[in-house]
Amino acid sequence: MASLTLKDVGKKFGKTAALSGVDLHVEDGEFCVLLGPSGCGKSTLLNVIAGLVPQDKGIIELDGHSIDRLAPRDRDVAMVFQSYALYPHMTVAKNLGFGLRMRGVPKATIRKKVLDTASLLGIDGLLNRKPRELSGGQRQRVAMGRALTRRPKLFLLDEPLSNLDARLRSNVRLELKQLHTRLKTTIVYVTHDQVEAMTLGEKVVVMRDGEVRQTGRPETIYSFPADTFVATFIGSPEMNLYRGMILHNGEHPVFQGRGFHMDMGDLQLNPVDGEVDLGFRPEDVKIVEAGAETLPVKVEMISDVGSEKYIHTQIGREHLTLRAPKDASFRPGEIINLTIDLTRLHIFKGGVRMD
Ligand code: ATP
């Protein structure tokens, strides 16, 4: 296994900057997830690391040694594609051993490695089948297995679960996590699914428009998003976010939003010039009895997701969503009173987090 370091990597396709100024460090044995919306440059970054697409700028190092000049097959990197890219005319065993055959590894060694990998992934009963005789989940395992038999220094996985249905997806996700715990392989995994990123990643890299917007542990990214993009991209339902001013006229600072204001209690806030974005997550809002410091809001709609309910309300001219227990019963039009956990507020200025 190996550590991976990228320094100031850039790639343009014509006028489109698919990657700009990307810095990244993945520790030896770490599970790193690249997360971002469609078109943000995730696959390009993976392809650049694999050597399938040359970068215009920057350095890529594996274990401290530059791999920029190495051809893809010499990088000791294995990639698993979304499409699996299995050879349809080859059996599972032949697919698993393909990379080793190409490298001239002796037959007996290939046979042993194929059997080891197949048993690791629980596909040893499928070795004589062709890909068309497999289910989606089994094909996905063979694609993973093909990368694993070579035991490369680095695994690059490009949305490997996106062809699976929701249930299978969550099972395979769990297996993948267990596999990583056992093998301690260095992985860079691409997804646009935040649940996948947060459950799999030891390190999550949030990307937008070819740039890295934040890198950190999942809980850090969730609790301390670096900017308003990360704040709203991570978390479902998404963070409530309001543009307004923080006023310091009275005893407490007050947030003045569009058509509502909010007492910010004893929060120690330095005066901020101009507008800010104030955010809080739906779980940091509680429904309470009306009181001097509660916020009255009007219920608009209720989404029941089984384990809990999301209450969509209106506050001033804005929407506010909160999580409520599954037995909560409110009707649209009803006025309810809220308190917000002020210790968990997020404040952004010019889109960037303020501490
Ligand atoms: P998705 O989740 O949809 O796969 P992504 O985050 O992986 O998206 P990329 O495929 O890396 O995004 O694309 C980043 C940008 O570069 C996009 O604007 C895309 O249109 C552009 N792009 C990618 N590959 C090429 C190419 N071969 N030629 C021209 N433009 C490209």
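Just so we're clear, the structure is a prediction, and the values are computed from it rather than from any experiment.

Procedures and definitions
Residues numbered from 1 in each chain as written. Predicted model: local features only at pLDDT ≥ 70, side-chain atom pairs only at ≥ 80, totals over all residues. Heavy atoms only, no water. Pairing = 2+ DSSP bridges. Helix = DSSP H or I, 4+ residues; strand = E, 2+ residues; numbered from the N terminus. Axes fitted to C-alpha atoms, helices over the stretch in contact; angles between N-to-C directions. Buried < 20%, exposed > 50% of the residue type's maximum accessible area, 1.4 Å probe, protein only. Domains from an automatic or database assignment. Contact = heavy atoms within 4.5 Å. Buried area = accessible area lost by both parts, 1.4 Å probe. Salt bridge = Lys/Arg side-chain N within 4 Å of Asp/Glu carboxyl O. Polar contact = N/O pair within 3.5 Å; in protein donor to acceptor, adjacent residues only side chain to side chain. Phe/Tyr/Trp six-rings, centres within 6.5 Å; stacked < 30°, edge-to-face > 60°. Lys, Arg positive; Asp, Glu negative; His and termini not counted. Near = heavy atom within 4 Å. 1 Å grid on protein atoms, 1.4 Å probe; cavity = no way out; pocket = protein on both sides within 12 Å on 5 of 7 lines; lining within 4 Å. Points joined across faces, edges and corners; volume = space filled by probe spheres on them. Nonpolar A, V, L, I, M, F, W, Y, C, P; charged D, E, K, R; others polar.

> An account of the sheet that holds strand 15 (residues 285-288) is needed here, citing residue identities and associated values.
Across a sheet, paired strands are connected by hydrogen bonds in the backbone, their directions being either parallel or antiparallel. Spatial ordering of the open sheet is given by 15-19-16-17-18, a layout of five strands whose pairing is antiparallel. Where the open sheet ends on each side, the last strands, each with one partner, are strand 15 and strand 18 (318-325). Averaged over all pairs of adjacent strands, the angle between their axes in this sheet comes to 50°, without regard to strand direction. In this structure, strand 17 (residues 308-315) lies alongside strand 18, joined through eight bridges in antiparallel fashion. In the strand pairing of strand 18, His312 is matched with Thr321.

> A description of helix 1 (residues 42-50) should follow, citing residues and the corresponding values.
Within helix 1, eight of the nine residues are buried, which leaves the element mostly enclosed by the surrounding structure. Here helix 1 has its buried residues at Lys42, Thr44, Leu45, Leu46, Asn47, Val48, Ile49 and Ala50. Just downstream of helix 1 lies Gly51, where phi reads positive at about 90°.

> Give a detailed account of the domain arrangement of the protein chain, specifying residues and quantitative values.
Each domain of the protein chain was delimited in the assignment, giving domain 1 (4-233) and domain 2 (240-353). Computed from C-alpha coordinates alone, the two centres of domain 1 and domain 2 are separated by 39 Å. In this complex, domain 1 contributes nine residues to the contact, which on the side of domain 2 involves ten residues. Around 810 Å² of area is buried between domain 1 and domain 2 when both sides are counted, 52% of it from carbon and sulfur atoms. Across the domain 1-domain 2 interface, the total number found is zero salt bridges. For the pair domain 1 and domain 2, the interface holds five residue pairs in polar contact (both at pLDDT 80 or more). Mapped by element, the contributors of at least two residues to the side of domain 1 that touches domain 2 are helix 7 (218-223) and helix 8 (228-233).

> Please give an account of the packing of aromatic side chains that cites residues and values.
This model, assessed by the stated rule, comprises six aromatic pairs. Ring centres 5.7 Å apart and planes at 50° place the aromatic pair Phe31 and Tyr189 in the tilted group. Of this pair, Phe31 sits in strand 3 (residues 31-35) while Tyr189 sits in strand 8 (residues 187-191), and the two are 158 residues apart along the sequence. Both residues of the pair, Phe31 and Tyr189, count as buried.

> Summarise the environment of Glu308; cite the residues concerned and give the values.
Among the secondary structure elements, Glu308 is positioned in strand 17. With 19 residues separating them along the chain, Glu308 and Asp327 place their C-alpha atoms 7.7 Å apart. Setting aside residues no more than four positions away along its own chain, Glu308 makes contact with Ser303, Arg323, Ala324, Pro325 and Lys326.

> A description of the pattern of salt bridges should follow, citing residues and the corresponding values.
Within this structure, the stated rule accounts for 17 salt bridges. Across the pair Lys184 and Glu202 runs a salt bridge, and its minimum N-O distance is 3.5 Å. In this pair, Lys184 sits in the loop between helix 5 (166-183) and strand 8 while Glu202 sits in the loop between helix 6 (194-200) and strand 9 (203-208), placing the two residues 18 residues apart along the sequence. Measuring nitrogen to oxygen at the nearest pair gives 2.4 Å for the salt bridge that ties Glu308 to Arg323.

> Run through the side chain of Glu159, naming residues and quoting values.
Tracing the chain through its elements places Glu159 in the loop between strand 7 (154-158) and helix 5. At 4.5 Å, Lys42 is the nearest oppositely charged side chain to Glu159, a buried residue that forms no salt bridge. When residues no more than four places from it in sequence are discounted, the contact partners of Glu159 are Lys42, Gln82, Val190, Thr191 and His192.

> Pulling in residues and values, what's your account of the site of the ligand?
If you check the shell around the ligand, you find Phe13, Thr16, Ala18, Pro37, Ser38, Gly39, Cys40, Gly41, Lys42, Ser43, Thr44 and Glu159 and nothing else. Ser38 is positioned such that a nitrogen or oxygen atom in its side chain is 2.5 Å from an oxygen atom of the ligand. Backbone polar atom of Gly41 to an oxygen atom of the ligand: 3.0 Å apart, as the coordinates give it. Elements with a minimum of two residues in the shell around the ligand: strand 2 (16-26) and helix 1.

> Residue-level account of empty space enclosed by the protein, with values.
Over the atoms, a rolling probe the size of a water molecule traces out where space has been left empty. Under the definition given, this model contains one cavity of 30 Å³ or more. By volume, the largest cavity amounts to about 60 Å³. Taken together, Met144, Leu148, Phe155, Leu157, Leu176, Leu179, His180, Thr185 and Ile187 make up the full set of residues lining the largest cavity. For the lining of the largest cavity, the elements supplying multiple residues, two or more each, are helix 4 (136-149), strand 7 and helix 5. Broken down by element, the residue count for the lining of the largest cavity peaks at three residues, all from helix 5. Of the residues belonging to the lining of the largest cavity, the class tally is seven nonpolar, two polar and no charged.

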